[in-house]
Structure formats: structure tokens, C-alpha cells
Amino acid sequence: MSERIPTVETFEPSHPKKVKAKPGDNLIHTRSFTGLFRTLRLSGAAVLFLAFFGTVWLNWSERQAVLWDLAESKFHIFGATFWPQDFILLSALLIICAFGLFAITVFAGRVWCGYTCPQSSFTWLFMWCEKVTEGERNQRIKLQAAPWSLNKLARRSAKHGLWLGISVLTGLTFVGYFTPIRPLAVELLTWQMGGVSLFWVLFFTAATYLNAGWLREAVCMHMCPYARFQSVMFDKDTLTISYDAARGEQRGPRKREVQPAHVGLGDCIDCQLCVQVCPTGIDIRDGLQMECIGCAACIDACDSIMDKMGYARGLVSYTSEHQLQGGKTHLLRPRLIGYSAVLLVMIAALGVALVERPMVSLDVTKDRGLFRENSQGLIENIYSLKVINKTQQRQDYRLELVDGDGFQLQGPTVISLAPGEISDVPMSVTLLAETPASSSQTIRFKVSEVDEPWIFSAADSRFVAPLNR
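Note that this is a predicted model, so its numbers are computed, not measured.

(A) How the structure looks around the overall build of the chain. Along the backbone of the chain there are 15 helices and 16 strands. In terms of overall size, the chain is more extended than a compact globule, its C-alpha atoms giving a radius of gyration of 32 Å where 469 residues would be expected to give roughly 23 Å. Reported as C-alpha extents along the three principal axes, the dimensions of the chain are approximately 110 × 60 × 35 Å. For the chain, buried positions account for 44% of its 469 residues. Excluding contacts between residues fewer than 6 apart, the proportion of contacts in the chain whose partners are at least 24 apart in sequence is 68%. For the chain, the distance from the average position of its 46 positive side-chain charges to the average position of its 43 negative side-chain charges is 11 Å.

Right under this line is the structure:
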């Protein structure tokens, strides 16, 4: 028997009471609600928004604290600077994020989508803008169906004005991580922004406005690949948002003082509140569905009704298939332990790589000419040594050959570089022997800090010489 939880795709609501603005209108108007999971989600979103919109304005040592400087090919993160040679670290970080997503999905389903996904977070923000400009759910439905008037025009204009303002700020902030944000903001406010920067600001403004304002749940339901493959990571112990049908059925309205068992009903009073608060418009009572983003809005809504009716909470809850069938949820299981172990190993490896990464870089380029003969009649090869100081302080470096018996290095052997400076040092290597042992030999260049010689970088090249002279 498969360990996956079966999914049910419901493209049309199974219950006739699901309300839309008018026939043929696909807009989903969510109802306001309160609850524990809403508080957790809003608190998490507030932290993420503060980090995204605030970090870009921080300074560090007279420069922007976090900046991917494309012109200089440098990535600054507070006190650390990363170079194209460190790109493997970015790849490792992305792999760690992927495994982290796999692990959290095995444990608790799509909590990433419901709580921290940028699409979900911005959608909730734009829905709040709708609420403050157009009113609560019923008011928005009436406004949608009403003919155009000054009141409707004013409310719609205010909503789209807020949407555009947030979108422009988002586009400016995103581009500000690649171009210094302060001069970029001044250029935008004074209408002097260059063509390339203006294009990307407008691009991300439009992307935010369309995705969070118009597409909304369509992104989660039809465009996001995670929604398509998430089920392969579920098992019977995965915590998903589920409706307890054994407790809730049969559904039906009743007075508060009536005991459900006395009238042959379950705990579900069929109030439709769980459907009205869902940002993707599904009915969680139809079972686990691909469209569910795990935001737990239906849990908060249902718990509030259970409190009013005097019933126990948990008719809709984070639970597992095993628990719904009367068994016990196994939090620790081989798949989850495996993902977690691999994740911890990769995080540790990345930490070691960050600590041990060389803070000086050396690239060697050989001159196009094969070789030449100097005034002493000795064979020379010409090289260009590219040295990068990756530290935040001025450093003195020594250039030398490793195991360079039979060769002589000619050129500056000690150089001084400012923080982040790149220097191309021309060097020549002379073969001291009159007769070379081979027409092509491997030689190794080394650059090391003068004060701390154990911090070094090395690079190989070829020395070419004629065999017959």
C-alpha cells in the first residue's frame, strides 16, 4: 500500500453555498478572521518584510551592508565579501535550502507556502489593502457587483494606488540589492534614473502588482511547480491541514444548546466560514487538495466557531492520516531523519567552507607567446598574475614559485593591496638550465600573506621551452 496521502482535485466547489462576486467572476473575496495561526503568520511576515525592506538601507564600513555589486563582481554581506570564485558556496546554499524545504514538507506539508512564501506574503498584504479601501467581504462582493459610481471609483483607485505604491517600493528595494539603493532612490524621485535600472524597477513593480494583486491564488494553483510535486514527499505521518470527517459528519445547522448527537449531526454546523477565509477558495472538508497552501486560515476560523458552540477545538487541524484513522503520528521516521541528517551535514560543510575559504585569490594567465630568449641566452616565459585581496583590510602579499628549483621568478615579489583590490602583476619565469628536461613543464605559483604565510592561494601553469637549441 502506498504511503502517500491521496489527494483530491476539486476544480469546482462541491458545496453550492460558495459565494463569488457574481456569475462568471473568478475573484475570491476572503473574510477577516483572527486566531493563533494568523498571528503566527503575520508575525513571521512582519519579520520577513522588515528584513527585506530594511536590510538594503543598512551601511557597513562606508558601503551598503548587503549589495551584489555586478559592476565590480562582488557580493557584500555585512563584513564578508564574496567573489565569482566563491560561486560554489552559493550553489551549496541553494542545495541546502532545497533540502530544508524537503525536510519541512515531509514533517508538516506546505507550511513554507502558507507562512513564508513571498507570493503568499504579498498576497495577504494586498488583501489587507482591499479590506481597508473596499471594506469587509460582503461589502467587497456588493461593490464588485455594483455599477460604476464615484464611490466605487474612489475605492478602487485607493486600492490600486496602495497596490502600486507597494509594488514600486518592492521593485526599488529588489533592484537596490544590486545597485546602491540611496542614489537609486534619488534618481527615481528626481526622474533621472538610467534606462537599465528603470527597466528592472518597472519589471519587478509589474511582477509584484500582477502576481499579488491579480493572479494571486492562480500562481499557487497553476504556476508554482512545488504544488505539483509536493505530494511525493508526503506520507501517512505528515502533518497536513485536515478535516475530521468522523467527528464532523453529518453537517448541519443547529441551535447552540442542542447536542449534535440528539439530532443525528456531527460537530460541523456547515457555516462555510472555513471556505470564506481560504485564500485559494477551496473547501477543506473535501479532503487534502493540491490547491491547499497550508496557511491554517480554516483552522482559525473553525476553532472560533467551535468556541462559540461550546465544542472542542480541532475539527480542522494539523494532523496526519494515521491520526485521522485512529492511530498515532510518528514524528521521527526514516525519511525525515534522513533528510534532516543530510541537511545538518551540508550546513556543517558549508560552515567549514566559509571559515576555511582562502581570503586571497590567485589566477595565472600565460602570455600568448610560447617563449623567448633573454639577453643572457636563457629561456623565459611571460605570465600575468591576478591577485585579489578578499579581506576588509590592506594586506601585503608575497609572490613565489612552489618547488621552483631550476627556475627563477622575475618581477615584484611583494605587493600591497587595499581591501577588495584586484591587481594584475606581470611576471617572467626564467629557466636556469641550458637544456630543458621537457618541452612543457608544470610550475606552481603561490601568493601568501607576509604576516600570516599560512593564508595563501596557489595556481598552476605551464612553462614551455624548445628541446633543441
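(B) Just the environment of Gln325, in detail. Here Gln325 is to be found in the loop between α14 (321-324) and α15 (334-356). Classification of Gln325 by relative accessible area gives exposed; the value is 53%. Put simply, Gln325 and Ser61 are 264 residues apart on the chain and 59 Å apart in space, counted from C-alpha to C-alpha.

(C) Broad picture of helix α2 (residues 87-108). Taking 1.5 Å of rise per residue, 22 residues should cover 32 Å, and α2 covers 32 Å from first to last C-alpha, within 8% of that figure. Buried-residue contacts for α2 involve β5 (80-82), α3 (111-116), α10 (226-229) and α15. Note on α2: the residue one or two positions beyond its end, Gly109, has a positive phi of about 65°.

(D) Inspection of the domain arrangement of the chain at higher detail. By the assigned domains, the chain splits into domain 1 (240-325) and domain 2 (360-464). Just the C-alpha atoms count here: the centres of domain 1 and domain 2 sit 72 Å apart.

(E) Here's a closer look at the sheet that holds strand β3 (residues 66-69). The three strands are arranged β3-β4-β5 in an open sheet whose pairing can be described as antiparallel. Looking at which strands have only one partner, the edges of the open sheet turn out to be β3 and β5. Adjacent strand axes in the sheet meet at a mean angle of 15° when their direction is disregarded. With four bridges connecting them, β3 and strand β4 (residues 74-77) associate as antiparallel partners. Of the residues in β4, the one forming a bridge with Val66 is Ile77.

(F) Inspection of the state of the cysteines at higher detail. Tallied over the full model, the rule gives zero disulfides. Here Cys278 stays unpaired: no disulfide links it, and the sulfur of Cys295, its closest cysteine neighbor, is 6.0 Å away.

(G) Just the nonpolar core, in detail. By size, the foremost hydrophobic cluster in this structure holds 40 residues, and its most contacted members are Ile241, Ile284, Cys298, Ile299 and Val316. Those elements giving two or more residues to this core turn out to be α2, α3, α4 (118-134), β6 (240-243), α12 (273-276) and α13 (297-309). The contact partners of Ile241, leaving out residues within four places of it in the chain, are Ile284, Gly294, Cys295, Ala296, Cys298, Ile299, Val316, Ser317 and Tyr318. Counting 24 residues, the second-largest nonpolar core is a separate cluster that includes Val364, Leu385, Leu409 and Leu417.

(H) Just the side chain of Thr55, in detail. Mapping Thr55 onto the fold places it in helix α1 (residues 36-55). The exposure class assigned to Thr55 is buried, which follows from its relative accessible area of 17%. Those residues in contact with Thr55, other than ones at most four positions away along the chain, are Leu50, Val66, Phe78 and Tyr177.

(I) Highlighting the packing of α4 against helix α8 (residues 195-215). Two elements in contact, α4 and α8, have axes separated by 8 Å at closest approach and are oriented at 75°. Comparing their axes, α8 and α4 come out roughly perpendicular. On α8, the residues touching Gln119, Phe122, Thr123 and Phe126 of α4 are Thr208, Tyr209, Asn211, Ala212 and Gly213. Looking at side-chain class alone, the contact of α4 with α8 contains four nonpolar, five polar and no charged residues.

(J) Up close: the sheet that holds strand β15 (residues 440-449). Reading across from one edge, β13-β11-β15-β16 is the order of the four strands in this open sheet, with antiparallel pairing throughout. Where the open sheet ends on each side, the last strands, each with one partner, are β13 (414-417) and β16 (456-464). Taking the axes of each pair of neighbouring strands and ignoring which way they run, one obtains an average angle of 30° across the sheet.

(K) Molecular detail of the pattern of salt bridges. Evaluation of the coordinates by the stated rule reveals 15 salt bridges. Between Lys131 and Glu136 there is a salt bridge, with the nearest N and O atoms lying 3.8 Å from each other. Among the residues examined, Lys131 registers a relative accessible area of 32% and is labelled partly exposed. You can call Glu136 partly exposed: its relative accessible area is 32%. As a salt-bridge pair, Asp235 and Arg333 come within 3.0 Å of each other at their nearest N and O atoms. On the criterion of sequence distance, the pair formed by Asp235 in the loop between α10 and β6 and Arg333 in the loop between α14 and α15 is long-range, its members being 98 residues apart. According to the relative accessible area criterion, Asp235 is buried, its value standing at 5%. One network of salt bridges, with partners in common, ties together Glu130, Glu134, Arg156, Lys159 and Arg216.

Rules of the game
- Residues numbered from 1 in each chain as written.
- Predicted model: local features only at pLDDT ≥ 70, side-chain atom pairs only at ≥ 80, totals over all residues.
- Heavy atoms only, no water.
- Helix = DSSP H or I, 4+ residues; strand = E, 2+ residues; numbered from the N terminus.
- Rg over C-alpha atoms; globule rule 2.2 N^0.38 Å.
- Buried < 20%, exposed > 50% of the residue type's maximum accessible area, 1.4 Å probe, protein only.
- Contact = heavy atoms within 4.5 Å.
- Lys, Arg positive; Asp, Glu negative; His and termini not counted.
- Charge placed at Lys NZ, Arg CZ, Asp CG, Glu CD.
- Expected span 1.5 Å × (residues − 1).
- Domains from an automatic or database assignment.
- Pairing = 2+ DSSP bridges.
- Axes fitted to C-alpha atoms, helices over the stretch in contact; angles between N-to-C directions.
- Disulfide = S-S within 2.5 Å.
- Core = buried A, V, L, I, M, F, W, Y, C linked by side-chain atoms within 4.5 Å.
- Parallel < 35°, antiparallel > 145°, perpendicular 65-115°, else oblique.
- Nonpolar A, V, L, I, M, F, W, Y, C, P; charged D, E, K, R; others polar.
- Salt bridge = Lys/Arg side-chain N within 4 Å of Asp/Glu carboxyl O.

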